[in-house]
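Residue-level listing of the chains:
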Amino acid sequence: MKTIERDVIIVGAGPGGSSCSAYMKRQGFDPLLLDKDVFPREKPCGDCQSGVTTKLLAELGWLEGLREIGFENYGITMTSPDYTKLVVEAPNRGTRYDTPRRIYDHYCVKRAVAEGVEFRENVWVYDVIWEDGKVCGVKAKVDGEYVQIRFRMVIGADGSHSIIAKKIKMFPDNDNDVAVVGRCYYADVDMEPFNEIHFDKDVLPGYVWLFPEKDKLCNVGLGFNRDLYKEGKTLEEYLDSWIETSPFGEKLRGKRRIGEFRGWRIPSGSQAMANVVPGCILIGDAGSMVMPLTGEGIGPAMVTGKLASEVTREAFDENDFSLNVLSRYPERRDKIYGPKYQSIKAMENAFSSAEAVDGFVHKIAENPEVKAGFQKQWYYESYEGKE
Ligand SMILES: Cc1cc2nc3c(=O)[nH]c(=O)nc-3n(C[C@H](O)[C@H](O)[C@H](O)COP(=O)(O)OP(=O)(O)OC[C@H]3O[C@@H](n4cnc5c(N)ncnc54)[C@H](O)[C@@H]3O)c2cc1C
């Protein structure tokens, strides 16, 4: 079997993998970035690049390009099951965009390649190779040929069905930490520049979203935790019924749905796993980094990609690829995400009944102080380091 050798490889070129590859470059590595697909490719998503994402894009020097391809939103409009409407504006303009992932992910890969990252597509990784208690290679099919790729460090950035996570036995699959979500697009929808989040009595805790994109395109989707998924009705049927019955679904009635409705798995149980074994770090969805309730995962994928590049640098400098060094990754990740995860999970648990969500939305709508507190929690990235 043919063998390819590199110091660092990154499996998966979603936002986690591509940004990680660029951060690896900045750390002095020449990473090999791999993906099983050929870009541009689809990725089911709500397509919202939040303030966490734009912060890192600005750091990478990639934000200006997003402003050209994305549609800016000014924050969220939230509605409760009793149809009370609440607008929560983002504290800063120019920090939140909605861009189809087909375009966004391709843009990030192109930026990484422009910085000198070696990118190979159509490379399907199907196994990992262990030697002396360390992951030191993967088996892959490259353009129809089976090869071994050997390395000193691998970053598993291969998404929520991660083969790397499964092979290193770090694939958490607890129903309470996995959401089932799906989306489609509608054409010619008139919307204000706000992401709409509709809490409906039939999809709690979870929500229906309508996110406006360029040229009156609208990303429409919904999702909720797998343990509460009421079997017998598909996600698409829930969505169709919401569009027909909710007053907020009215703007979609009679409009053209584009492409198929696509469902996916989103894992948010990162706290349950270290996501490192000797020679390997999992980032993004492969490391179950999606935030509960909000479903935000692009920013966390990029944040963990950056963290992984820093810990990889330390591993090379100390010539130690064991958990002595790599366990710094979950420590730093939990420092950033542990408290956020806990508070959003608590909010998610409180959102299990229509009455609770009605009460919550009314309280925010009627009390400016509570609203300010909620705004800080929702747009936490805008306040970080400022208090
Ligand atoms: C319906 C839906 C709506 C969402 N809405 C939002 C939102 O609005 N905003 C937000 O921030 N997050 C949202 N998320 C979450 C977000 O999509 C993910 O968190 C994000 O894509 C994670 O990025 P990633 O780079 O970790 O993984 P991915 O984007 O999944 O990328 C993984 C890459 O790995 C490649 N790959 C997989 N397996 C292999 C293999 N065996 N060999 C080689 N390559 C492989 C894939 O082709 C893919 O390109 C949503 C998710 C869903 C499903």
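Residues numbered from 1 in each chain as written. Predicted model: local features only at pLDDT ≥ 70, side-chain atom pairs only at ≥ 80, totals over all residues.

**What about the overall build of the protein?**
Tallying secondary structure elements over the protein gives twelve helices and 20 strands in all. A compact globule built from 387 residues would reach a C-alpha radius of gyration of about 21 Å, and the protein, at 21 Å, matches this within 12%. Viewed in the frame of its principal axes, the protein has a C-alpha envelope of about 60 × 45 × 45 Å. Within the span of the protein, comprising 387 residues, buried residues form 47% of the whole. Across the protein, every contact between residues at least 6 apart in sequence was considered, and the portion connecting residues at least 24 apart equals 72%. (Helix = DSSP H or I, 4+ residues; strand = E, 2+ residues; numbered from the N terminus. Rg over C-alpha atoms; globule rule 2.2 N^0.38 Å. Buried ≥ 20, exposed ≤ 12 C-beta atoms within 10 Å, placed from the backbone. Contact = placed C-beta atoms within 7 Å.)

**Details of the sheet that holds strand β4 (residues 48-49)**
The strand order across the open sheet formed by three strands is β4-β8-β5, and the pairing between neighbours is antiparallel. Two strands lie at the open edges of the sheet, namely β4 and β5 (71-72), each paired on one side alone. By the bridge criterion, two bridges tie β4 to strand β8 (residues 97-98) in an arrangement that is antiparallel. Note on β8: the bridge partner recorded for cysteine 48 is aspartate 98. (Pairing = 2+ DSSP bridges.)

**A closer look at the nonpolar core**
By size, the foremost hydrophobic cluster in this structure holds 97 residues, and its most contacted members are Ile9, Val11, Val154, Ile164, Leu222, Ile281 and Ile283. Broken down by element, the residue count for this core peaks at eight residues, all from helix α7 (residues 298-317). Two domains each put at least three residues into this core: domain 1 (2-71 + 93-174 + 268-349) and domain 2 (175-266 + 355-382). If near-sequence neighbours (up to four positions away) are discounted, isoleucine 164 is found in contact with Val11, Val128, Val154, Gly156, Asp158, Cys280, Leu282 and Ala286. (Core = buried A, V, L, I, M, F, W, Y, C linked by C-beta atoms within 7 Å. Domains from an automatic or database assignment.)

**Overview of the site of the ligand**
Residues in contact with the ligand amount to 41 residues; listed here are only the nearest, Gly12, Gly14, Gly46, Gly284 and Gly297. Contributions of two or more residues to the shell around the ligand are made by α1 (15-26), β10 (123-131), β14 (178-186), β18 (257-267) and α7. Its residues assigned to classes, the shell around the ligand shows 19 nonpolar, 13 polar and nine charged. (Near = placed C-beta within 6 Å. Nonpolar A, V, L, I, M, F, W, Y, C, P; charged D, E, K, R; others polar.)

**A word on the domain arrangement of the protein**
As assigned here, the protein comprises domain 1 (2-71 + 93-174 + 268-349) and domain 2 (175-266 + 355-382). Averaged C-alpha coordinates put domain 1 and domain 2 at centres separated by 26 Å. Contributing elements (two or more residues each) for the side of domain 1 that touches domain 2: α2 (51-60) and α9 (328-350). When grouped by side-chain class, the residues that make up the side of domain 1 that touches domain 2 number nine nonpolar, twelve polar and six charged.

**Brief notes about the pairing of strand β15 (residues 195-198)**
Within a regular beta strand, the side chains point alternately toward one face of the sheet and then the other, so they alternate between its two faces. Inspection of the sheet shows strand β6 (residues 75-79) paired to β15 by four bridges, in the parallel sense. Across the sheet, threonine 77 pairs through a bridge with glutamate 196, a residue of β15. Here β15 runs beside strand β16 (residues 206-212); their pairing, made up of three bridges, is antiparallel. Bridge assignment links glutamate 196 to a residue of β16, and that residue is leucine 210.

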